[in-house]
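Coordinates in review
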Amino acid sequence: MDQRVWLSVLLAAGLLCLSLAPVSQAEDLVEDTLSDDVDVEDELDLDVAGVDDEEEELDGDMQNEGPPAPKTPPTPKVTYKAPEPMGEHFFAEAFDRGTLEGWVQSSAKKEDADEDIAKYDGKWAVEEMKDSKLPGDKGLVLKSRAKHHAISAQMLRPFTFDTKSLILQYEVNFQSGIDCGGAYVKLLTQTPDLDLDHFVDKTPYTIMFGPDKCGEDYKLHFIFRHQNPKTGEYEEKHAKKPDVDLRTYYTDKKTHLYTLVVNPDNTFEVLVDQTVVNSGSLLTDMTPPVNPTAEIEDPDDHKPEDWDERPKIQDPAAVKPDDWDEDAPAQIADEDAVKPDGWLDDEPEYIGDPDAVKPEDWDEDMDGEWEAPQIPNPVCETAPGCGAWKRPMIDNPNYKGKWKAPMIDNPNYQGVWKPRKIPNPAFFEDLHPFRMSAFSAVGLELWSMTSDIFFDNFFITDDRNTADRWAADGWGLKKAAEGAAEPGLATQMLNAAEERPWLWVVYVLTVALPLVLIIVFCCTGKKKSAATPAADYKKTDEPQPDVKEEEEEEEEEKAEEAEKSSPATEKSDGEESPAEKEDDDEEEEEEDAEKEATAEEKLEDDVLRRSPRNRKVRKD
């Protein structure tokens, strides 16, 4: 019993250790992977300053003092290296120069806004993240809250929509979360009067893309402005909402990579962390649609006055039955009811409180005559009721209510009226909405109730492989560093328990409950009875001794011993004659012979009975 208990305890402890072991192994794996990545010159820059000096000192020591004691190699320190654009691109900005060189902060005022908040005076800065895992990695940070922000930069050259795809990507980290505000980017349309110093919300743009959130509405915008080929006017086209839950990207305080891909075949993809969260066609998945309908309702068409839209009408031939009584009440007094015995007709149901006292400041001129508050009559507590007895009301079996004629199909029904369709005078068909207006600048025009929004690694290109390399050099390194710095499962559980102490109960139950179940199932089985030793025999094909036969043999041996001892006792009392002794010896020899014959027969029967040939087939 004690051994089983100890084995159960050791088993439970082993299970707990095994559950925590993968966490530590995963952390070691991340560290090993990160260390392996550090050795690649193209990916990372190792901070191994001072290693050469140490080698020189070691060489000098070896000459003077002989071979030195072996030292543990220093752990390489990972430092950030700015991504370098490789391949065709139109704009690349990593902010690792530490300045806003090339960026223009707007000095304009927002129209249709209060004077105290109309100015774009929100602060911008280039700095590292507050909890940066890569020293040296800087980005553009929105520093003010409850203010308008506007900043923009010219591209290397304008992007023209022709035969190649557009790939736009950049990183965002909501360091302090986000209450209400946006982090979207605008691709400003190339126009002769584009002035970045006066960049405002009404500055023409070609595409607006990025996250936006207010309240519990989590959005990921993709909007493009489409020009009507007939009128020349621009109209915003909004992509359908993503089907995935975007909440995590706004609340986990991690750096996320937002990517927009627009292809010449009019398809688009929206990706977060290189995972597609939305996709579709510019022709069918935008609201309002790019192409208007070919027909519209005639605005000059009006419904005729005699148009009958009623599918059912009252039967004009129906007549109210003569016995229909519309004046009969819905309920009547129950004539079969009888007043209960003991009903106190003269006692009121409520009386004035005899213990109540008129307040001293009661003014009868102002407050009126004072009356004691009403309380239930104590006399009525033991009686069926007090006051005037009334018969209870019951439903009137003769009640039919207001008579109405039954409804029948309307023979004059003409259906629901709709105005007639006419050709849409504004109809056009643009089968290539991808051919949008060229853009030449990138801008951020935002309002936010939360500060410290981090932007980094803006990139615009027409080659998917070039964009992937830029993402791997920038966001990929951030992801690896953030993953290595994340606490293990055990640490996360302890931190969560510190914030919510009730989790300790859950932890105890998850460990103690399996342990108790193991002890119950392993240590509380039925004990084997000592009276059934036959159950201990192993089930084999070899013949096994029968317990009953052994017991019978033991009884026979005891009887023989008793018989042998009885002649000796008789001899001591008085000696027998030689003839009697011979008779007794012959009888004993005959009995022994019979016993031996009986034993041999039993043995043969037992062997035959236990033979595999005579064994019956067992049933499952």
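Reference entry: report on the structure contained in this document. Given the structure is predicted, the values throughout are model-derived calculations rather than measurements. Numbering of residues begins from 1 in every chain and follows the order in which that chain's sequence is written. Where totals are concerned, whole chains, interfaces and linings use all residues; where local detail is concerned, this predicted model gives features only for residues with pLDDT of at least 70, and gives and counts side-chain atom pairs only at 80 or more. With hydrogens and water set aside, each side-chain value is computed from the structure's full complement of heavy atoms.

**Some remarks on the overall build of the protein**
Counted only if it meets this: Numbering of helices and strands starts at the N terminus; helices are DSSP runs of H or I of at least 4 residues and strands are runs of E of at least 2. Only protein chains enter the accessibility calculation, which uses a 1.4 Å probe. A residue is then buried if its area is under 20% of the maximum for its type, exposed if over 50%, and partly exposed in between. Any two residues having at least one pair of non-hydrogen atoms within 4.5 Å are treated as being in contact. Calculation of accessible area relied on Shrake-Rupley with a 1.4 Å probe; when residues are assessed, cover is drawn exclusively from the protein chains displayed.
Regarding its fold elements, the protein presents eleven helices and 27 strands. Classification of the 620 residues of the protein by burial places 30% in the buried group. In the protein, the proportion of contacts linking residues at least 24 apart, taken out of those at least 6 apart, comes to 76%. For the protein, the exposed area adds up to about 41400 Å²; of that, 51% sits on carbon and sulfur atoms.

**Details of the pattern of salt bridges**
Heads up, the rule is: Any carboxyl oxygen of Asp or Glu within 4 Å of a side-chain nitrogen of Lys or Arg constitutes a salt bridge here.
Summed over the entire model, instances satisfying the criterion amount to 27 salt bridges. Residue Glu88 is joined to Arg157 by a salt bridge in which the shortest nitrogen-to-oxygen separation is 1.8 Å. Of this pair, Glu88 sits in the loop between strand 2 (77-79) and strand 3 (91-93) while Arg157 sits in strand 7 (residues 147-159), placing them 69 residues apart in sequence. Residue Glu216 is joined to Arg247 by a salt bridge in which the shortest nitrogen-to-oxygen separation is 2.9 Å. With Glu216 in the loop between strand 11 (205-214) and strand 12 (217-227) and Arg247 in helix 4 (residues 247-251), the pair connects residues that are 31 residues apart, well separated along the chain. Linked through salt bridges whose partners overlap, the residues forming this network are Glu127, Lys130, Lys143 and Asp452.

**Section: the packing of aromatic side chains**
Inclusion rule: Stacked, tilted and edge-to-face are the three classes assigned to paired rings of Phe, Tyr and Trp, where Trp is represented by its six-membered ring and a pair needs centres within 6.5 Å; plane angles under 30 degrees give stacked, over 60 edge-to-face, the rest tilted. Only Lys NZ and Arg CZ are tested; either one counts as a charge over a ring when it is within 6 Å of the ring centre and within 35 degrees of the ring normal.
Applying the stated criterion to the full structure yields 19 aromatic pairs. Aromatic pair Tyr170 and Phe458: ring centres 5.1 Å apart, planes at 5°, arrangement stacked. One end of the pair, Tyr170, is in strand 8 (residues 166-174); the other, Phe458, is in strand 27 (residues 453-461), with 288 residues separating them in the sequence. Each member of the pair, Tyr170 as well as Phe458, carries the same accessibility label: buried. For the pair Phe455 and Phe458, a centre-to-centre distance of 6.4 Å together with 20° between the ring planes defines the contact as stacked. The pair Phe455 / Phe458 is uniform in exposure class, with both members buried. Through a chain of ring-to-ring contacts, three or more aromatic side chains come together here, namely Phe91, Phe95, Trp103, Trp124, Tyr170, Phe209, Tyr258, Phe455 and Phe458. We note Arg225 situated over the ring of Tyr234; from NZ or CZ to the ring centre the distance is 4.6 Å.

**Brief notes about the nonpolar core**
This is how it is decided: Throughout this description, the term nonpolar core refers to a set of buried Ala, Val, Leu, Ile, Met, Phe, Trp, Tyr and Cys residues connected via side-chain atoms within 4.5 Å.
Membership of the largest hydrophobic core comes to 65 residues, with the highest contact counts inside it found for Ile207, Phe222, Phe455 and Ile460. In this structure Ile207 touches Phe161, Leu166, Val185, Lys186, Leu187, Phe222, Ile223, Phe224, Leu260 and Met436, once residues within four positions along its chain are discounted. Grouped together as the second largest cluster of nonpolar side chains are seven residues, Ile167, Val261, Phe459 and Trp470 included.

**Some remarks on the pairing of strand 8**
Going by this rule: For two strands to pair, DSSP has to find at least two bridges joining them.
The element strand 8 is largely enclosed, with a buried count of nine among its nine residues. A two-sided burial pattern is seen for strand 8, the buried positions comprising Leu166, Leu168, Tyr170, Val172 and Phe174 on one face and Ile167, Gln169, Glu171 and Asn173 on the other. One ladder, built from seven bridges, connects strand 8 with strand 14 (residues 256-262); its direction is antiparallel. What sits directly across from Leu168, in strand 14, is Leu260. Examined bridge by bridge, strand 8 and strand 27 share seven bridges and lie antiparallel to one another. Pairing of Gln169 across the sheet is with Phe459, part of strand 27.

**Comments concerning the state of the cysteines**
How we decide: Cysteine sulfur atoms are paired as a disulfide whenever they come within 2.5 Å of each other.
Tallied over the entire structure, the rule returns two disulfides. The side chain of Cys380 participates in a disulfide bridge whose partner is Cys386; the two sulfur atoms lie 1.8 Å from each other. Looking down the S-S bond of the Cys380 and Cys386 bridge, the torsion is -120°, so its handedness is left-handed. A residue is classified by how much of its surface remains accessible, and Cys380, at 16% relative accessible area, is buried. Going through the protein in sequence order and numbering each bonded cysteine, the pairs you get are 1-2, 3-4.

**So, helix 6 (residues 464-473)**
Count 3.6 residues to each turn of an α-helix, and residues three or four apart come out pointing the same way. To be explicit about the condition: The arc in question is the one spanned by the directions pointing from the helix axis to the C-beta atoms. Two N or O atoms form a polar contact when they lie within 3.5 Å of each other; inside protein one atom must be a possible hydrogen donor and the other a possible acceptor, and for residues adjacent in sequence the pair counts only when both atoms belong to side chains.
Buried within helix 6 are the following residues: Thr466, Ala467, Trp470, Ala471 and Asp473. Considered in projection along helix 6, the buried side chains sweep an arc of 165° and stay on one side of the axis. In this structure Asp463 caps helix 6, since a side-chain oxygen of it lies 3.4 Å from the backbone nitrogen of Asn465.

**Looking at the environment of Pro359**
Secondary-structure assignment places Pro359 in the loop between strand 21 (350-352) and helix 5 (364-367). Relative accessible area serves as the criterion here: at 35%, Pro359 is assigned to the partly exposed category. Between the C-alpha atoms of Pro359 and Trp370, which are eleven residues apart in sequence, the distance is 9.0 Å.

**Looking at a nonpolar patch on the surface**
Quick note on the threshold: Grouping into patches uses exposed residues only, defined as over 30% relative accessible area, and leaves out salt-bridged ones; the cut-off is 9 Å for like charges and 5 Å for nonpolar side chains (Val, Leu, Ile, Met, Phe, Trp, Tyr).
Together, Leu513, Val516, Leu517, Val520 and Phe521 line one region of the surface with nonpolar side chains, adding up to about 490 Å² of accessible area. Take Leu517: its relative accessible area is 41%, and that puts it in the partly exposed class.

**Considerations on the side chain of His256**
Looking at where His256 falls in the secondary structure, it is placed in strand 14. Take His256: its relative accessible area is 5%, and that puts it in the buried class. Separated by 2.7 Å, the side chains of His256 and Asp273 make a polar contact.

**Some remarks on the environment of Thr99**
Along the chain, Thr99 falls in the loop between strand 3 and strand 4 (103-105). Overall, Thr99 belongs to the partly exposed group, its relative accessible area being 37%. For the pair Thr99 and Glu127, spaced 28 residues apart in sequence, the C-alpha separation works out to 8.7 Å.

**Some details on a negative patch on the surface**
To keep things clear, this is the line we draw: Charged-residue counts in this description rest on Lys and Arg as positive and Asp and Glu as negative, His and the chain ends being excluded. Charge positions are represented by NZ for Lys, CZ for Arg, CG for Asp and CD for Glu.
Together, Glu360, Asp361, Asp363, Asp365 and Asp367 make up a negatively charged patch on the protein surface. Along the chain, Asp367 falls in helix 5. You can call Asp367 partly exposed: its relative accessible area is 42%.

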